[in-house]
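This is what each chain is made of:
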Amino acid sequence: MDKQRKSGRYAHAEAILGPELVSRLADTKVLLVGAGGIGCELLKNVVLTGFGHITLLDLDTIDLSNLNRQFLFKKKDVKQSKAMVAAQTAGAFNPNVRIQPIHANIKEPQFDVEWFQSFDIVLNALDNLDARRHVNKMCMAAGIPLVESGTAGYLGQVQPLLKDRTECFDCIPKPTPKSFPVCTIRSTPSQPIHCIVWAKSYLLPQLFGEDEDSGTELDEAEKQGENAQEIAALRKEALAYKAVRNALRSPHTTDDAAKTVFEKVFNADIENLLLMADMWRSRDKPTPLDFDAIVEGSFVVKESTKNVASSLNSKGQVNGHANGASSSNGNGGLKDQRALTLQDNLALFVSSTDRLASRVRAGEETISFDKDDDDTLDFVTAASNLRSAAYYIERKTRWEVKEMAGNIIPAIATTNAIISGLIVLQALHLLRKSYTALKNVHVQFKPAVPLSTVNLCPPNPKCGICRDTYTKVQCDPARVTLGELVEGILGDGDGKDGGTGKREVSVYEEKRVLSDPDWDDNDERTLESLGVTRGRFLSIVDEEGEWGTIGVALCELPPNHPMDAPALILPSSLPKPLFTPRPSTPPAEPSRKRSAPDDDVAEVEAPSAKRAKTNGGASTSQNVGSPSKKKRLEEEGLVLLESATDGMDEVDVIEID
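Residues numbered from 1 in each chain as written. Predicted model: local features only at pLDDT ≥ 70, side-chain atom pairs only at ≥ 80, totals over all residues. Heavy atoms only, no water.

A. Spatial organisation of the overall build of the protein. The helix and strand inventory of the protein stands at 20 helices and 16 strands. A total of 657 residues make up the protein; the buried ones form 43% of that total. Nonlocal contacts in the protein, meaning residues at least 24 apart in sequence, comprise 66% of its contacts between residues at least 6 apart. Surface summary for the protein: the accessible area is close to 35,900 Å², and the carbon and sulfur share equals 50%. (Helix = DSSP H or I, 4+ residues; strand = E, 2+ residues; numbered from the N terminus. Buried < 20%, exposed > 50% of the residue type's maximum accessible area, 1.4 Å probe, protein only. Contact = heavy atoms within 4.5 Å. Areas by Shrake-Rupley, 256 points an atom, 1.4 Å probe, with all protein chains shown as cover.)

B. Broad picture of the sheet that holds strand S11 (residues 512-515). Read across the sheet, six strands follow the order S11-S10-S12-S13-S9-S14 without closing on themselves; strand pairing throughout is mixed. Two strands bound the open sheet, and with one partner strand each, they are S11 and strand S14 (568-569). Two strands pair when backbone bridges link them, and strand S10 (residues 505-509) and S11 are joined in this way by three bridges, in the antiparallel orientation. Looking at the pairing, glutamate 509 lines up with arginine 512 of S11. Across the face of the sheet, helix H19 (residues 482-490) comes into contact with strand S9 (469-475), S10, S11, strand S12 (537-542), strand S13 (550-555) and S14 while running at roughly 60° to S12. (Pairing = 2+ DSSP bridges. Axes fitted to C-alpha atoms, helices over the stretch in contact; angles between N-to-C directions.)

C. Spatial organisation of the packing of aromatic side chains. Across all of its chains, the model carries 13 aromatic pairs by this definition. Summarising the aromatic geometry, the rings of tryptophan 115 and phenylalanine 116 are spaced 5.5 Å apart at their centres and angled 85° between planes, so their arrangement reads as edge-to-face. On the accessibility criterion, phenylalanine 116 (0% relative accessible area) is buried. Ring geometry for tryptophan 115 versus phenylalanine 119: centroids 5.0 Å apart, planes at 80°, classification edge-to-face. Like phenylalanine 119, tryptophan 115 is buried. The structure contains a cluster of three or more aromatic residues connected by ring pairs, namely Trp198, Phe208, Phe262, Phe266, Phe291, Phe349 and Phe379. Above the ring of phenylalanine 537, the side-chain terminus of lysine 137 is found at 4.6 Å from the ring centroid. Sitting above the plane of the phenylalanine 169 ring, lysine 174 keeps its charged end 4.1 Å from the centroid. (Phe/Tyr/Trp six-rings, centres within 6.5 Å; stacked < 30°, edge-to-face > 60°. Lys NZ or Arg CZ within 6 Å of the ring centre and 35° of its normal.)

D. Structural detail: the state of the cysteines. For the structure shown, the criterion picks out zero disulfides. Cysteine 457 takes part in no disulfide bond, and the closest cysteine sulfur, belonging to cysteine 171, lies 9.2 Å away. We classify cysteine 457 as partly exposed; its relative accessible area is 35%. Its sulfur unpaired, cysteine 475 is 8.4 Å from the next cysteine sulfur, which belongs to cysteine 555. (Disulfide = S-S within 2.5 Å.)

E. Representation of H19. Counted residue by residue, H19 has seven buried out of nine residues, so it is predominantly covered. Among all positions of H19, only Leu482, Gly483, Leu485, Val486, Gly488, Ile489 and Leu490 are buried. Structurally, H19 contributes buried residues whose contacts are with S9, S10, S11, S12, S13 and S14. The positive-phi residue at the C-terminal boundary of H19 is glycine 491, with phi of around 65°.

F. Examining the environment of valine 197 more closely. The topology assignment puts valine 197 in helix H9 (residues 192-208). What makes valine 197 partly exposed here is its relative accessible area of 23%. Sequence separation between valine 197 and phenylalanine 180 is 17 residues, and the spatial gap between their C-alpha atoms is 8.9 Å. Once residues within four sequence positions are removed from consideration, valine 197 is found in contact with Phe180, Ile185 and Tyr202.

G. A look at the nonpolar core. Trp198, Leu207, Phe208, Phe262, Phe266, Phe349 and Phe379 are the most contacted members of the largest nonpolar core, which has 52 residues in total. The leading source of residues in this core is H9, at nine residues. Ignoring any residue separated from it by four or fewer positions in sequence, one finds tryptophan 198 in contact with Ile185, Arg186, Leu203, Tyr241, Val265, Phe266, Ala383 and Arg387. Core analysis: the second largest hydrophobic core is formed by 45 residues, Val30, Ile38, Phe73 and Val424 among them. (Core = buried A, V, L, I, M, F, W, Y, C linked by side-chain atoms within 4.5 Å.)

H. View of the sheet that holds strand S8 (residues 451-455). Across the sheet, which stays open at both edges, the eight strands sit in the order S3-S2-S1-S4-S5-S6-S7-S8 with mixed pairing between neighbours. If you trace the sheet from one side to the other, it starts and ends with strand S3 (98-103) and S8, each paired once. Ignoring which end each strand starts from, the neighbouring axes of this sheet average 15° apart. Alignment of strand S6 (residues 155-161) against strand S7 (residues 439-443), held across three bridges, turns out to be antiparallel. Considered in S7, the bridge of glycine 156 is made with valine 443.

Shown next as C-alpha cells:
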C-alpha cells in the first residue's frame, strides 16, 4: 500500500495535499448517503482520492431515466439497488478501497447515533428535505462533521456543517412547499398545476389510495373561511366516491368501470358545481364532458388560447385533426412530448384506470403516485388533461405532467460533477481541521463568475437542533420506564459530571408531549409502550426556561449484555446544558393614581403641610391654590384647603396633602 502511494496512484494527491493527510485517508471512515446524480460522481471522487473505508447507503432502485447522468449504472441494471450497483462499479476504480453498500432507508432505527459515531465524516447526496434534516440532526447529536449539498439545474451549493462551529442545516428555516386552497383544487381550477395536483393528490388517492375520510381536510378549509356552499357540495361528492371506489375493487367489475369513473368525475360532479350559480358570476362555467361524444369525435369543447396556439399545424387543424380526433399516426417527436388530443386523453384514462383496478384486485392494497410508475403517471396525465379541457385550461404533455407532478428539477451532469468535487475539498478541510478554510460554495449561472464563496455563519442561538445538548443512553426500552430515564439523566447535581439535579421538566418525543410537571401519567410506563425505541430522541425541556434543552438519543445495549444486569446504562458524564438565570423582576413603582374613596374610612389624618420659610424664620401658610386650579379640582371632586389648620365638616371625605 505504501509503495503504491509513493510510486504512482497517490503521487499527485501527496504533492497537493501533503503526505500526512494522504496517509490518514486510508484509515478514514466515510458515510456517503445517496447514490443518485451527485452520489455517483461523489463516490467516484472519494474512491479515486483514496478514502479507505466507504459506506454507501441508498434506498432507491435504478430507473431508466437515471442513465443519462448517473454514469455508474447501465441499462442492464434497471430495477436493481443503486447502492449495490454503484459500489460494484466504483470498486474497480481503486482496489485499495473498501466499499460497503447498504440498500436501506437512512431513517431506519438501526442507524442510530452510535452508528453515526463510527464514522469520521458524513457526506450528503440526498434529494429530499426530510432525509436531509434527519441526517443533520444525527450528525449534530453524534458530533460528526457533515458536508451538505444540492443542485437545481445549473445551480448548486456545498455547505460544511460542524456542531458549535457553524450553523446547521436547520438554523435557517426552509421554505415550505407551495400549497393551494382546497376549493381552488376541487372546484375552480385556473392553471394546469391545479388540475395536476387534483389528479395526483385527490383523485388517485380517492380511487386507489388509503380509504381515508376527507372530512378533516374539508373541516380545515371551512375554518379558514373558504366557501361554505362549496364545502357542503364537496362533502356529498366525497361520499359518492366510495361507491365508485368499491366498484373498482370488486371482482365482478365490468369493462365499463372506467366509464363509470369518468361519468362520475367529469360529468356528474361538474353538473353539480354548475348548480351553484354564485360561483360562476366572475368566471367561465366549466363544460361537463360526454364520454360517448368524445369517443365518436363529435364532442367540441372551447380550447385554451395557449392550447390552440401550440397545436395548430399548417392546415389550421387542432392537434393535427379536426374536432380533436386522435393523432396516433401523425405528430413526430418523442412519445412523452407529444401533444395529446381529447380522444388520446380519454383512451389513456380508460387504459390506466383499468390497469390500476387490476392491480388492486390482484391484492395491491393501496397505490400512490410515483413518477416512475407508468400506470399512475398515465392516470394523472389523462385525468388532469380531461379536467383542463372541461375548464378551458392549457393541457400538458406526459413529460410536462411528470415534471410538475414529480417536482422534477432538471438535473445536469456537469453541475453534479462540479458539486461533488467541491464536497471532497470541503471534506478534506474538515479532516485536517482547517476550520478557517471552510466556505459555503455556490455554483451560479454566471459564466464570468461561476463559483462564489460565503464565510460560514455561527450557529443560530435559537436553533432547536444544534443548540440542544445531546447525550446517548443504552437501554432496553421494554424494561426502562420514562421516569427512570429522566431521573437518571437529570442526576443529583453533585460535581461536574452529576447533571443538573432534579427540577421541573417537560418531556417530548418529536412533537408528542410525554410528560410535564402537571401530568406524570406516563412516568411509570416503559419506553417501548410509548413508542420510544432505538434511534429515537427524547427532549427534556426545563419548565422555567433557565436550562437548555437536553436531547437524549436511545441506543441498544451492548452485545452479550447480561439479562440480570441493569437495563439502563447512563453516560459516565451526565449532560449539563447552558444555564441562563431568568432576569430578576424589578420592584414595582408605587402607583400614582388617586385611590377611590372608601366608604369604611371617615377621615385620614393628613400630614402636616410644608411651610415656606421667611427671612425672619417665622412660617406662614403657602398660597398653593389659584382660582382656576381650585375650580378644576372641584370638578374632579377635590377641595383645596388654604392651610393645614383648615378642615371639612362633611364626614365622607378624605383629606390629602
